[in-house]
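Each chain is listed here by its residues.
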Amino acid sequence: MNFVVLTIFPEMFNPFWEHGIIRRAIDRNKIRVSAIDIRDFAEGKHRVTDDRPYGGGCGMVMKPEPLGAAIREATQKAPLSKKILLTPQGRRFDSSVAHELSSSEGLIFICGRYEGVDERICLDFIDDEISIGDYVLTGGELAAMVIIDAVTRLIPGILGGRESAEKDSFSGGILEYAQYTRPRSFEGHDVPEILLSGDHKKIENWRLETSLIRTFLKRPDLFENRALSKQEIEILKKWCVDIERIIHNQSLYGPGALSGGQ
Ligand code: SAM
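Model, not experiment: these values are computed from the prediction. (Residues numbered from 1 in each chain as written. Predicted model: local features only at pLDDT ≥ 70, side-chain atom pairs only at ≥ 80, totals over all residues. Heavy atoms only, no water.)

A.B. asks: Describe the overall build of the protein, and please don't skip the residues or the numbers.
C.D. replies: Helix and strand counts for the protein stand at 9 helices and 9 strands. Its C-alpha radius of gyration of 25 Å places the protein more than 25% over the 18 Å reference for a compact globule of 262 residues. Structurally, the protein occupies a C-alpha span of about 85 × 45 × 40 Å along its principal axes. Taking all 262 residues of the protein together, the buried fraction comes to 39%. For the protein, restricting intrachain contacts to residue pairs at least 6 apart in sequence, the fraction spanning at least 24 positions comes to 72%. In the form shown here, the protein has an accessible surface area of approximately 16300 Å², with 52% of it arising from carbon and sulfur atoms. The centroid of the 34 positive side-chain charges in the protein is displaced by 4 Å from the centroid of its 39 negative side-chain charges. (Helix = DSSP H or I, 4+ residues; strand = E, 2+ residues; numbered from the N terminus. Rg over C-alpha atoms; globule rule 2.2 N^0.38 Å. Buried < 20%, exposed > 50% of the residue type's maximum accessible area, 1.4 Å probe, protein only. Contact = heavy atoms within 4.5 Å. Areas by Shrake-Rupley, 256 points an atom, 1.4 Å probe, with all protein chains shown as cover. Lys, Arg positive; Asp, Glu negative; His and termini not counted. Charge placed at Lys NZ, Arg CZ, Asp CG, Glu CD.)

A.B. asks: Can you break down the pattern of salt bridges residue by residue, with the values?
C.D. replies: By the definition in use, this model includes 15 salt bridges. Notably, a salt bridge pairs glutamate 73 with lysine 77, separated by 3.3 Å at the nearest N-O pair. Note that glutamate 73 and lysine 77 are positioned in helix 3 (residues 64–77) at a spacing of 4 residues, about one turn of the helix. For glutamate 73, a relative accessible area of 33% gives the class partly exposed. For lysine 77, a relative accessible area of 62% corresponds to the exposed category. With a closest N to O distance of 3.5 Å, lysine 238 and aspartate 242 form a salt bridge. Of the two residues, lysine 238 and aspartate 242 both sit in helix 9 (residues 230–253), 4 residues apart, roughly one turn of that helix. Taking the relative accessible area as the measure of exposure, lysine 238 reaches 46% and is therefore partly exposed. Taken together, the shared-partner salt bridges connect Lys82, Arg91, Glu100 and Asp128 into one network. (Salt bridge = Lys/Arg side-chain N within 4 Å of Asp/Glu carboxyl O.)

A.B. asks: How would you sum up the side chain of threonine 49? Please name residues and give values.
C.D. replies: Here threonine 49 lies in the loop between strand 2 (32–37) and strand 3 (50–51). You can call threonine 49 buried: its relative accessible area is 1%. Apart from the residues lying within four places of it in its own chain, the contact partners of threonine 49 are Ile8, Ile38, Arg39, Ala42, Val61, Met62, Lys63, Pro66 and Tyr114.

A.B. asks: An account of the site of the ligand is needed here, citing residue identities and associated values.
C.D. replies: Taken together, the neighbourhood of the ligand is formed by 20 residues, with Leu86, Gln89, Gly112, Tyr135 and Leu137 sitting nearest. Between the ligand and the protein, one listed contact pairs an oxygen atom with a backbone N or O atom of leucine 86 at 2.6 Å. Between the ligand and tyrosine 135 there is a distance of 2.9 Å, counted from a nitrogen atom to a backbone nitrogen or oxygen. Coverage of the ligand by the protein chains reaches 85% of its 580 Å² of free accessible surface. Elements with a contribution of two residues or more to the shell around the ligand: strand 5 (82–92) and strand 7 (128–131). Considering every element that reaches the shell around the ligand, the biggest residue donor is strand 5, with 4 residues. Looking at the shell around the ligand residue by residue, the classes come out as 9 nonpolar, 9 polar and 2 charged. (Near = heavy atom within 4 Å. Polar contact = N/O pair within 3.5 Å; in protein donor to acceptor, adjacent residues only side chain to side chain. Nonpolar A, V, L, I, M, F, W, Y, C, P; charged D, E, K, R; others polar.)

A.B. asks: Residues and numbers for the environment of cysteine 111, please.
C.D. replies: Mapped onto the fold, cysteine 111 is located in strand 6 (residues 106–111). A C-alpha to C-alpha distance of 40 Å links cysteine 111 and leucine 208, two positions 97 residues apart in sequence.

A.B. asks: Please provide a residue-by-residue account of the environment of isoleucine 84, values included.
C.D. replies: Summarising the element assignment, isoleucine 84 is placed in strand 5. Overall, isoleucine 84 belongs to the buried group, its relative accessible area being 0%. Those residues within four positions of isoleucine 84 in sequence are excluded, and the remaining contacts are Leu101, Leu107, Ile108, Phe109, Ile110, Asp128 and Ile130.

See below:
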């Protein structure tokens, strides 16, 4: 996959390309990356890329000519790439958008600054507009990094095992199970016994159960558009029975009844 970023701050990307999984993906030729300076396409001695807004008002707007020329050049070099304008007004980036983008030949990101880009750029030069959330950043560079990072880890062969991305939060529509590593006991908290049992079936069931519990507690909205499997329905039904039993015992015998009042 080819990632091209158009920005007035290309040097921001140097440390990003140089670390972790992104670095490994570049070294293994799984991704190609470049950050192109929009100023290289600006006219005049001062290579100006912004100007005052028509109609007045505060701030500056990114001029269309250098941006248009930069996008054209990037498209010529990577003709099958999707051109994405980063903007808080775009469709919201999430796991499903990351999966969708991971099957692209390449992605060209246009990073705005100041008050954003001249509207005419959106008409003929852009395939998609993406936002990384309902807040306003000072520029599109961090948004480009977020998207490149999330998309790269979905490209087959990038992570240690294909497993890792498949079990991650959101991949199956719910949050990932609780994770533990050594030591076995930490500040009074022990690793759940079942994870030490070596019984893979029981561990898998326990993990599914913790995934469901934490999704229910932290992100119940995720259940709204997701079909539950038969096994998941059984787990949820079991909780309902347990919860009803607690409520029933409390209303009959009061708190502490379940533990014999101790
Ligand atoms: N005036 C614009 C508005 O209200 O829609 C915001 C401009 S913002 C200060 C400057 C640039 O940061 C934008 O052009 C865009 O490239 C980037 N940016 C800001 N917030 C973003 C977000 N949530 N997602 C993606 N890009 C964002």
